[in-house]
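Close look at the chain arrangement
The chain contents come next:
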Amino acid sequence: MKHLVLISSILITFALTTPAQNKSGGMSFSGVFESAVSATAGAGDAPAVSYGIEEYANIRMQSRIGDNATFFGAVNLIAAGGNYAVRASSLGVDIDNGQNYTAMIELERLYLRLKSETVNFDAGLMRLPFGFSTVWGPSDFLNPKNPLKPDARPRAILGGGLSWFPNDDFKMQGFAVTGRDPLAPNSGIAGISADRHWDRASIQALYSFERSENFPGTALNPWTHRAGLSLKADVEIGLVMDMLYTYNDNIEDKIDGLSFSAGFDYSLFKAKLVVMAEYLYSGAASSTSMRGGGSFINENYLYTGLVWRFSDFTNAGIALISGIDDASFTPMMTFNHDISQGVSLTAMAQIPLDKDLLFNDGNRGEFGPTNIRTHFYLETKIKVRF
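Here is a short report on the structure shown in this document. (Residues numbered from 1 in each chain as written. Predicted model: local features only at pLDDT ≥ 70, side-chain atom pairs only at ≥ 80, totals over all residues. Heavy atoms only, no water.)

**What about the environment of Asp 325?**
Looking at the secondary structure, you find Asp 325 in the loop between strand 16 (314-323) and strand 17 (328-340). Remark: the alpha-carbon pair of Asp 325 and Tyr 301, spanning 24 residues in sequence, is separated by 7.8 Å. Not counting the four nearest positions on each side in its chain, Asp 325 is found in contact with Asn 298, Glu 299 and Asn 300. Only 2.9 Å separates the side chain of Asp 325 from the backbone nitrogen of Glu 299, close enough to count as a polar contact. (Helix = DSSP H or I, 4+ residues; strand = E, 2+ residues; numbered from the N terminus. Contact = heavy atoms within 4.5 Å. Polar contact = N/O pair within 3.5 Å; in protein donor to acceptor, adjacent residues only side chain to side chain.)

**Thoughts on the environment of Asn 315**
Turning to its location among the elements, Asn 315 is positioned in strand 16. Each C-alpha atom, one on Asn 315 and one on Phe 335, is 6.1 Å from the other, the two residues being 20 residues apart in sequence. Setting aside anything within four residues of it in sequence, one finds Asn 315 in contact with Val 307, Trp 308, Arg 309, Phe 310, Phe 335 and Asn 336.

**Here we look at the pattern of salt bridges**
Opposite charge on two side chains permits them to pair, given that their charged atoms come into close proximity. For the structure shown, the criterion picks out eleven salt bridges. With a closest N to O distance of 3.5 Å, Lys 381 and Glu 34 form a salt bridge. Residue Lys 381 is located in strand 19 (residues 374-385), and its partner Glu 34 is located in strand 1 (residues 27-42); the two are separated by 347 residues in the primary sequence. Assessed through its relative accessible area of 9%, Lys 381 is described here as buried. Ionic pairing is found between Arg 127 and Asp 140, a salt bridge with its closest N-O pair at 3.0 Å. One end of the pair, Arg 127, is in the loop between strand 6 (119-126) and strand 7 (157-167); the other, Asp 140, is in the loop between strand 6 and strand 7, and 13 residues separate them in sequence. For Arg 127, a relative accessible area of 25% corresponds to the partly exposed category. Through salt bridges with shared partners, a single network forms among Glu 34, Asp 151, Lys 381 and Lys 383. (Salt bridge = Lys/Arg side-chain N within 4 Å of Asp/Glu carboxyl O. Buried < 20%, exposed > 50% of the residue type's maximum accessible area, 1.4 Å probe, protein only.)

**Details of the packing of aromatic side chains**
Tallied over the entire structure, the rule returns twelve aromatic pairs. Ring centres of Tyr 207 and Phe 209 lie 6.3 Å apart, and the angle between their planes is 40°; this geometry places the pair in the tilted category. The class of Tyr 207 is partly exposed, set by a relative accessible area of 33%. By relative accessible area, Phe 209 is classed as partly exposed at 34%. (Phe/Tyr/Trp six-rings, centres within 6.5 Å; stacked < 30°, edge-to-face > 60°.)

**Some thoughts on unusual backbone geometry**
A positive phi angle, close to 55°, is found at Phe 269, a residue other than glycine. For Phe 269, the location among the structural elements is in the loop between strand 13 (258-268) and strand 14 (273-282). You will see that Arg 373, though not glycine, has its phi angle at about 65°, which is positive. If you trace the backbone, Arg 373 turns up in the loop between helix 4 (369-372) and strand 19. Residue classification places Arg 373 among the partly exposed positions, given a relative accessible area of 39%.

**Overview of the nonpolar core**
Counting residues in each nonpolar core, the largest one holds 21 residues, and the members touching the most others are Ala 80, Trp 136, Phe 296, Tyr 301, Tyr 303, Ile 321 and Phe 367. Secondary-structure elements contributing two or more residues to this core are strand 3 (69-82), helix 2 (83-90), strand 15 (300-309) and strand 16. The element contributing the most residues to this core is helix 2, with three residues. Leaving out residues up to four positions away in the same chain, Phe 367 has contacts with Leu 148, Phe 296, Tyr 301, Ile 321, Ser 322, Gly 323, Ser 328, Phe 329, Thr 330, Pro 352, Leu 353 and Ile 372. Counting 13 residues, the second largest nonpolar core, distinct from the first, contains Leu 128, Phe 130, Leu 142 and Ile 189. (Core = buried A, V, L, I, M, F, W, Y, C linked by side-chain atoms within 4.5 Å.)

It is worth stressing that arrangement in space is one thing and function is another; only the former is reported here.
Below you can see the structure in the form of structure tokens.
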């Protein structure tokens, strides 16, 4: 921990003392600071009442190197107590425990980009997203989404990518990244993707293969293949479709490898009201399943929500995350207000529900209070961008 703190201190000091970025060099910095408090009414084996407080900063650094290279770096600095400290401990973050709070640091980004007119080469610790889905993200298998955690910080991957842009509307990308187990010397993931954009529609195709001795179900065959397709269109309504198929010889029922989502969004009353829905089918060995590295144990899910914009500075929303197979639900309420330029206040509340809570019949669902370990969760956060 001390070594990481020293490295972070050096990087931040360098960023603060280096002149503003210009064409010939120098380093610029930006970031986000968040101050959050939460309160939880626990369920199952969780405490009946608990709370937490977290101070979080994401410091981003960028430096031009000549005309064709750019260095990017980012670190997360966290001081947390209560619920937030417990959550960080469960994620395996490097933690310095002490009185009153725990201190954590995480290297978020560290990569170099070489750029020409039509080709980019990125290498290092970077984000590599896929697909157009905003809720479930089947194609985004390197960092699966979870709508129960809308503020989760996307995790980077370690590897490289070569992108070719023959024109402004077309991109081809090849990539290779380390495997899921960083201590496995004979594992890794490689693939290729292609993106094509039009005025009102976009399409992305994806193929990857992975070698891993530790991937679930691969004891006999370490090779796993993935093929995906993602579409979005802006017609009278916004449409999105995202799918990724995972294939391995050891997956007995081949439909278990499919993760598929489809949804829409639509604006009413001069864009003051935005309505959204997205369905997910999650096969038992797919990218969104617990077995395949995702978060879900059942097959059929539905996200529905609406947002009302009171003004350019204030909006409120309500969403319902539904587990169709076991009739479990998590309603989620949100409120956002821009206090001033770069400063915003947000609040979020979640209330897990299932059949056992409503009828006391023992049917405890995936999104129910016993599995979520929560009857009620409330979080309030102030965010500052600089």
